[in-house]
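# What the coordinates show
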Amino acid sequence: NGNHGAGETLHDAQEDVENLSEELRDLAEKARDDVVKRMQSTANRVREVTKNTQGEIKDGAEKVAKRFEESAEHLANFKLKDAEEKVEEVVGKVTDTAEENTWKTVLVVLIIGIVIGWLLSNMQD
């Protein structure tokens, strides 16, 4: 039965997407952790470089350092799992629809690849 083969192919594609999603989440978490450390290090470095200054320069440097720390904290608290669950929900809905047509399945995989590529390229910026 041709539909059975298409269903297996779709199931395999779903597993591949799930595996890729997990790998991407791990990579994104590592990248996020690295960026957080660098931002905290930058805040410390700004303070170190300006420790012997006074007035507006010291105040400005402290504001910059605090912004780095606040941004690092915000980024550290960003929940990749929440974002992943939303993506999985959308993928699940699209996949259910795609089971009706093999060409739709191909399109879904292409779209998912484009989205993942876009996410990765934005993470590198």
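All figures in this text were calculated on a predicted structure; none of them were measured in a lab. In every chain, residue numbers begin from 1 and rise along the written sequence. For this predicted model, a pLDDT threshold of at least 70 governs which residues receive local features, and a threshold of 80 or more governs which side-chain atom pairs are given and counted, while totals over whole chains, interfaces and linings are taken from all residues. Only hydrogens and water are removed before side-chain values are computed, so all heavy atoms of the structure are retained for them.

## What to know about the overall build of the protein chain
Here is the rule we go by: Secondary structure elements are taken from DSSP: a helix is a run of H or I of four residues or more, a strand is a run of E of two residues or more, and numbering for both begins at the N terminus. Categorising residues by exposure relies on relative accessible area from a 1.4 Å probe, with only protein chains included: less than 20% of the type maximum marks a residue as buried, more than 50% marks it as exposed, and the intermediate range marks it as partly exposed. Two residues form a contact once any of their heavy atoms are found within 4.5 Å.
Within the protein chain, the secondary structure is distributed over four helices and zero strands. Starting at the N terminus and ending at the C terminus, the protein chain contains elements arranged as α-α-α-α. Among the 125 residues that make up the protein chain, the fraction classed as buried is 19%. Taking all contacts inside the protein chain whose residues are at least 6 apart in sequence as the whole, residues at least 24 apart take part in 67%.

## Some details on the confidence of the model for the protein chain
Applicable threshold: Predictor confidence is given residue by residue as pLDDT, running from a minimum of 0 to a maximum of 100.
The predicted model of the protein chain averages 77 in pLDDT, with 74% of residues at 70 or higher. Averaged pLDDT values for the elements of the protein chain fall to 66 in helix α3 (residues 80-98) and rise to 86 in helix α2 (residues 55-77).

## Quick word on the side chain of Thr50
Mapping Thr50 onto the fold places it in the loop between α1 (2-49) and α2. Setting aside residues up to four positions removed in sequence, Thr50 forms contacts with Lys58 and Ala61.

## Considerations on the pattern of salt bridges
To keep it simple, the criterion reads: Throughout this description, the term salt bridge denotes a Lys or Arg side-chain nitrogen within 4 Å of a carboxyl oxygen of Asp or Glu.
Under the criterion given, the structure shown has five salt bridges. Among the salt bridges present, the one from Asp33 reaches Arg32, with a minimum N-O distance of 3.5 Å. Residue Asp33 is classed as partly exposed on the basis of its relative accessible area, which comes to 36%. Salt bridges here are not isolated pairs; linked through shared partners, they connect Arg47, Glu62 and Glu69.

## What to know about the environment of Gly92
On the secondary structure map, Gly92 appears in helix α3. A relative accessible area of 30% places Gly92 in the partly exposed class.

## Some points on α2
The following threshold applies: What a helix should span is 1.5 Å times the count of its residues minus one.
With 23 residues, α2 ought to run about 33 Å at 1.5 Å a step, and its terminal C-alpha atoms sit 33 Å apart, in line with that. Restricting attention to buried positions, one finds in α2 the residues Ala61, Ala65 and Ala72.

## What to know about a negative patch on the surface
For clarity, the threshold we go by: Put simply, a patch holds well-exposed residues, over 30% relative accessible area, that have no salt bridge, with like charges counted together within 9 Å and Val, Leu, Ile, Met, Phe, Trp or Tyr side chains within 5 Å. Accessible surface is estimated by sampling points in the Shrake-Rupley manner with a 1.4 Å probe; for residues, cover comes only from the protein chains shown. Counting rule for charge: Lys and Arg are taken as positive, Asp and Glu as negative, and neither His nor the chain ends is counted. Working definition for charges: the position is that of NZ of Lys, CZ of Arg, CG of Asp or CD of Glu.
Among the surface-exposed residues, Glu8, Asp12, Glu15, Asp16, Glu18, Glu85 and Glu88 lie close enough to one another that they form a single negatively charged patch. Taken together, the elements giving at least two residues each to the negative patch come down to α1 and α3. Ranked by the residues each element gives to the negative patch, the list is headed by α1, at five residues. As for its placement among the helices and strands, Glu88 is situated in helix α3. Since its relative accessible area comes to 41%, Glu88 is described here as partly exposed.

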